[in-house]
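If you want the building blocks of each chain, they are given just below.
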Amino acid sequence: MTISLNLNGQPISLDVDPDMPLLWAIREVVGLTGTKFGCGMAQCGACTVHLDGEPTRSCVTPVGAVEGRNVTTIEGVSGRVAQAVQEAWQRLDVVQCGYCQSGQIMSAIALLQQTPKPTDDEIDAAMNGNICRCATYVRIRAAIHEAARTMEG
Amino acid sequence: MIPGFRNVVTGSRRTFLKGSAAATAGLVIGFNLPVGARKAVAQATGTFAPNAFVRIGRDDTVTVIAKHLEMGQGTYTGLATILAEELDADWSQVRVEAAPADARLYNNLHFGTLQGTGGSTAIANSYEQLRKAGAAARAMLVEAAAEVWGVPAREITVEKGQVKHQATGRSARFGELVDRAAMRPVPTDVPLKDPQNFTLIGTRLPRIDSKAKTNGTALFALDVRLEGMLTALVARPPRFGATVKSFRVDRTKAVPGVIDVVQIPSGVAVVATGFWAAKTGRDELEIEWDESNAETRSSAEIMETYRRLATQPGAVARRDGDVARALAGAAKRISAAFEFPYLAHTPMEPLNCVVRLSATECEIWAGDQFQTVDQMNAATAAGLRPERVKIHTVFAGGSFGRRATPTSDYIVEAVHIAKALGGRAPIKLVWTREDDVRGGRYRPMYFHALEAGLDAQGNPIAWQHRIVGQSILEGTPFAQAMVKNGVDLTSVEGAQNLPYAIPNLTVELHTTKVGVPVLWWRSVGSTHTAFATEVVIDELAAAAGRDPYQFRRALLAGHPRHRAVLDLAAEKAGWGTPLPAGKGRGIAVHESFNSFVAQVAEVAVEGDTFRVERVVCAVDCGVVINPDVVRAQMEGGIGFALSAALAEAITLDKGVVEQSNFHDYTPLRIADMPKVEVHIVPSREPPTGVGEPGVPPLAPAVANAIFAAKGERIRSLPLRRT
Ligand code: FES
Ligand code: FES
């Protein structure tokens, strides 16, 4: 079956089982591997993409459900907020193993698009679905504040 | 052709196959490449490769060859810093590339002849080696410049990648000198810098992998894609020790995308065009297991046998004085029993690797932590000689010990599958999270029994510590060096070297046999020994009516490095200043992997539960290569330790693991992460590791803080389940 969607601003058609999770369609059929597999059951957030701008767990989203919709992955994020987040992440050296960080960054961008100046509690609430086994959480909080500051200025 | 296969550090098309030919061309003898080989490399690639650890290109790029796995601990940044320091390179010209598997060149000097990463040794064993490598390369560039300019080498200076002769005003970039430098003999005994003159070591250089890890281009094994590659998942038995009796494949083979189903020693592998087809096919397998040799006990039952064993004396790991007599004569006695569950590592990137097998060669792509061991095990499985096994080490999405497995479990599985398919396709083996959580190789379950006594003045005079649990090393190639007189050193480390001045002290061990595979887990023995010892010291302080910080301090007179971190943590935490009701502070100090760490935890009790609000950490790891990486490892170690302390446990019901994924094996999330402050003790001692030592003091500091807040002693982990 052919499924058409917009991926990182490009219209694409995929000939896949519509039950296949979007995660595997992106990683293995399209070949964009920045989006990660961590649990396969919406527990860890490693697979977070933006679906029509909303942070979404691609590991439990059947590709058939995104027909005609806009999907953005870490490779395709752009704009002021994305840039501020990625730069803050680098300035503060948030990453350790890095495996969770695509998902963390996708969640952080979505948070800052909704809430340009989040409090610690708002950060914790928005980011609680993203596990970091290296526990880079102190720096994730700091980098989100830092990104918020740079966008003000 | 390898689509999407990018250089993990620079983001450019990956060239390591070509580049690392310099180190694997068979021309390599010992540490240095002979002149002929270097000339050949220089002519072929425009690079200067004075030794196995660095290449300098005509484009000025300095590529540091990392023999250690980057799994988050920042080792690429640290290793490159050490070499760049002595080379006087500019940080912006430095790149890092993973070394090939070749133990002759890249052995971990703390592991003897093995190449591998672990035990927080990467920086410690590389420090001198990489300084010398950088200094030798610098000397050759300087001599090349001296020759070209006709000036004495000793008048030439190097700074930030610029070679200069002040008097004549000449200067050159590295790239301009590489062709000539490559013709020179490699000098021996080049003097190293006085550490006072370091310009890179000790500064906050940015991590070399930050960019690639924030834009999705960092390459992990799960991201490797080879032409014609197939994906395999393995169905493994529900109980450890069971084997395949029979299986039916009809429904699996009917799943679109499933290519083959093959039996391997660990189970039944489903090979398909991609992950989803392999997973769907595996769900359809019908397997009958032979459980005649399987472990069928529940963890509670096993713990009960441990509890009984602890009433008997065990193998002696340490004996000072006469503990029985001292206990009998003590004015006050304390007895405490501790229970520790099995723990899974659950690195964020589940175990996986890619294997390409031919009749003469086996190539492996993995976040490989144990290259020499993996090479040997893969060779055995493939029926090849070890040197026919090539390993491409890529970033690992965490490990915490899991990827360094004496049996190379996941790699061997992939080789078996590739072999069963006759090498007709490269195989990517993927473990799902369920496979990982249920797959064993846990931090062992332990029971500790401690008896301690104070004299009439409140001084500790007796300490009897019994530990019961499985050996991590027995039955592995490491047993010979690390298991002595029935004592596996990894079972007692942190207890057997207790630093406190207590005249009568024994540490004993009962090693148990259980059919659950176990493994080292970030900070190994100290994951449990630090908890038992630091909680009991706290109990002794309370029984003596003394302040727990001062009590420890007094007993550490002979251990200045313990004392210094303890003092620093206490001072920075405001030890002794009042806290509001319902809050408490706890302290703990522990040495592991030759680094010293003290932590003060602040806990707020909330009804039946509690929150850890703040942790102040002091660390002494010798010479600091990068203070920000040290801080990051302490922060991460604290979060990782808190994760286990609060809520992690693997339990067995009649041999079946009860947890399966992150909903019931629950790592720490951001809302539970405390504020963390890290302070570093300045030191000129040789550098030691930081990957693990941040972990051990956290759980006892938290348990001691809970006691301070509400007078309740928690002696079993995880804290929130007791
Ligand atoms: S992989 Fe999707 S939430 Fe974990
Ligand atoms: S950086 Fe390793 S899991 Fe987050």
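Residues numbered from 1 in each chain as written. Chains lettered and ligands numbered in written order. Predicted model: local features only at pLDDT ≥ 70, side-chain atom pairs only at ≥ 80, totals over all residues.

*Asks:* Would you mind showing me how to read the overall build of chain B here?
*Replies:* Check the secondary structure of chain B and you find 21 helices and 29 strands. Relative to a compact globule of 722 residues, whose C-alpha radius of gyration would be 27 Å, chain B shows 27 Å and is just as compact. Dimensions of chain B, computed from C-alpha atoms along their principal axes, come out at roughly 80 × 75 × 45 Å. Sorting the 722 residues of chain B into buried and exposed places 58% on the buried side. Residue pairs at least 24 apart in sequence account for 75% of intrachain contacts in chain B once pairs closer than 6 positions are excluded. (Helix = DSSP H or I, 4+ residues; strand = E, 2+ residues; numbered from the N terminus. Rg over C-alpha atoms; globule rule 2.2 N^0.38 Å. Buried ≥ 20, exposed ≤ 12 C-beta atoms within 10 Å, placed from the backbone. Contact = placed C-beta atoms within 7 Å.)

*Asks:* Explain the interface of chain A and chain B to me, please; I cannot follow it from the model alone.
*Replies:* Many descriptions give the size of an interface as the accessible area lost when the pieces come together. Chain A puts 42 residues into the contact, and the matching count from chain B is 50 residues. For the side of chain A that touches chain B, the secondary-structure elements that each account for two or more residues are helix H1 (22–30), helix H2 (80–91), helix H3 (101–114), helix H4 (120–127) and helix H5 (137–152) of chain A. Here the residues of the side of chain A that touches chain B are counted per class, giving 22 nonpolar, 14 polar and 6 charged. (Nonpolar A, V, L, I, M, F, W, Y, C, P; charged D, E, K, R; others polar.)

*Asks:* Honestly, the domain arrangement of chain A in this entry has me stumped. Any pointers?
*Replies:* Residues and elements named next belong to chain A. The domain architecture assigned to chain A consists of domain 1 (2–72) and domain 2 (80–152). Residue-level contacts link 13 residues of domain 1 with 10 residues of domain 2. The element that contributes the greatest number of residues to the side of domain 1 that touches domain 2 is strand S3 (residues 48–51), accounting for 3 residues. Residues of the side of domain 1 that touches domain 2, tallied by class, amount to 5 nonpolar, 6 polar and 2 charged. (Domains from an automatic or database assignment.)

*Asks:* How should I be thinking about H1 of chain A in this particular structure?
*Replies:* The buried fraction of H1 of chain A amounts to 7 of the 9 residues, a majority that puts the element mostly inside the structure. Those residues of H1 of chain A not exposed but buried are Leu22, Leu23, Trp24, Ala25, Ile26, Arg27 and Glu28 of chain A. Packing partners of the buried residues in H1 of chain A comprise strand S2 (10–15) and strand S5 (70–72) of chain A together with helix H9 (275–283) of chain B. Positive phi appears at glycine 31 of chain A, one or two residues downstream of H1 of chain A, with a value of about 95°.

*Asks:* Looking at this model, I keep getting lost on the domain arrangement of chain B. Mind explaining?
*Replies:* Residues and elements named next belong to chain B. Examined at the domain level, chain B breaks down into domain 1 (16–197), domain 2 (221–292 + 351–430) and domain 3 (299–343 + 442–721). Summarising the inter-unit geometry, the C-alpha centres of domain 1 and domain 3 are found 41 Å apart. Counting from both sides, the interface comprises 14 residues of domain 1 and, opposite them, 17 residues of domain 3. Looking at the side of domain 1 that touches domain 3 residue by residue, the classes come out as 6 nonpolar, 8 polar and no charged.

*Asks:* Before we go on, may I ask you to explain the confidence of the model for chain B in this structure?
*Replies:* Atom-level detail of predicted coordinates should not be read off regions where pLDDT is low. Residue and element names in this part refer to chain B. Residue-level pLDDT values for chain B average 93, and 93% of them are 70 or greater. Confidence drops under a pLDDT of 50 for residues 1–32, and excluding neighbours within four residues, the segment shows 62 contacts in the predicted structure. Both scores are given for the predicted complex: the pTM is 0.94, the ipTM 0.98. (pLDDT = per-residue confidence, 0-100.)

*Asks:* Can you walk me through H9 of chain B in this structure?
*Replies:* An α-helical turn contains 3.6 residues, so any two residues separated by three or four positions project in the same direction. Among the 9 residues in H9 of chain B, 8 count as buried, and that is most of the element. For H9 of chain B, the complete set of buried residues consists of Phe275, Trp276, Ala277, Ala278, Lys279, Thr280, Gly281 and Arg282 of chain B. Where H9 of chain B is buried, its residues touch H1 of chain A together with strand S8 (230–235), helix H8 (250–253), strand S10 (258–264), strand S11 (267–272) and strand S18 (427–430) of chain B.

*Asks:* Honestly, the environment of alanine 310 of chain B in this entry has me stumped. Any pointers?
*Replies:* Residue and element names in this part refer to chain B. As for its placement among the helices and strands, alanine 310 is situated in the loop between helix H10 (299–309) and strand S13 (315–320). Assessed through the 20 C-beta atoms surrounding it within 10 Å, alanine 310 is described here as buried. Sequence separation between alanine 310 and threonine 666 is 356 residues, and the spatial gap between their C-alpha atoms is 30 Å. Among all residues touching alanine 310, those that are not within four sequence positions of it are Phe447, Ala449, Arg466 and Val468.

*Asks:* Can you help me understand the packing of H2 of chain A against H5 of chain A in this one?
*Replies:* In a packed pair of helices, the relevant descriptors are the angle between the two axes and the axis-to-axis distance. Residues and elements named next belong to chain A. Between H2 and H5, whose axes approach to 8 Å, the crossing angle comes to 130°. Taken together, the axes of H2 and H5 are oblique relative to one another. For H2 against H5, the interelement crossing comes out right-handed. Contacts between H2 and H5 involve Arg80, Val81, Ala84, Val85, Ala88, Trp89 and Arg91 from the first element and Ala143, Glu146, Ala147, Thr150 and Met151 from the second. Taken together, the residues that form the contact of H2 with H5 break down as 8 nonpolar, 1 polar and 3 charged. (Axes fitted to C-alpha atoms, helices over the stretch in contact; angles between N-to-C directions. Parallel < 35°, antiparallel > 145°, perpendicular 65-115°, else oblique. Left-handed = near helix turned anticlockwise from the far one by under 90°.)

*Asks:* I would appreciate a short explanation of the sheet that holds strand S4 (residues 94–98) of chain B in the present structure.
*Replies:* Hydrogen bonding along the main chain pairs the strands of a sheet, whether they run parallel or antiparallel. All names here are of chain B. Taking strand neighbours across the sheet as the criterion, the 4 strands line up as S1-S2-S3-S4 in an open arrangement whose pairing is mixed. Edge positions in the open sheet fall to strand S1 (47–51) and S4, since each of these has one partner strand only. Averaged over all adjacent pairs, the angle separating strand axes in this sheet is 25°, with direction ignored. Relative to S4, strand S3 (residues 62–66) runs parallel, the two being bridged by 5 bridges. Among the inter-strand pairings, valine 64 is bridged to a residue of S4, identified as valine 96. Along the sheet, helix H6 (residues 122–149) makes contact with S1 and strand S2 (54–57), crossing S1 at roughly 130°. Its contacts with the sheet place helix H7 (residues 174–181) against S1, S2 and S3, and it is angled at close to 115° to S2. (Pairing = 2+ DSSP bridges.)

*Asks:* Mind showing me how you'd approach the pairing of strand S5 (residues 156–159) of chain B here?
*Replies:* Residues and elements named next belong to chain B. Only one face of S5 is covered, namely the one carrying Ile156 and Val158; the face carrying Thr157 and Glu159 has none of its residues buried. Here S5 runs beside strand S6 (residues 162–165); their pairing, made up of 4 bridges, is antiparallel. By the bridge assignment, glutamate 159 is partnered in S6 with glutamine 162. Joining the antiparallel neighbours S5 and S6 is a turn of 2 residues, in which lysine 160 adopts a positive phi near 45°.

*Asks:* Can you walk me through the sheet that holds S5 of chain B in this structure?
*Replies:* Residues and elements named next belong to chain B. What the 3 strands build is an open sheet, ordered S5-S6-S7; its pairing is antiparallel. Only two strands of the sheet have a single neighbouring strand rather than two, namely S5 and strand S7 (170–173). Pairwise comparison of adjacent strand axes, ignoring direction, gives a mean angle of 20° for this sheet. With 4 bridges joining them, S6 and S7 adopt antiparallel strand pairing. Bridging from a neighbouring strand, glutamine 162 pairs with arginine 173 of S7. Each of S5, S6 and S7 touches H6; the most contacted strand, S5, lies at about 130° to it. On the sheet, H7 packs against S6 and S7 and is oriented at approximately 85° with respect to S7.

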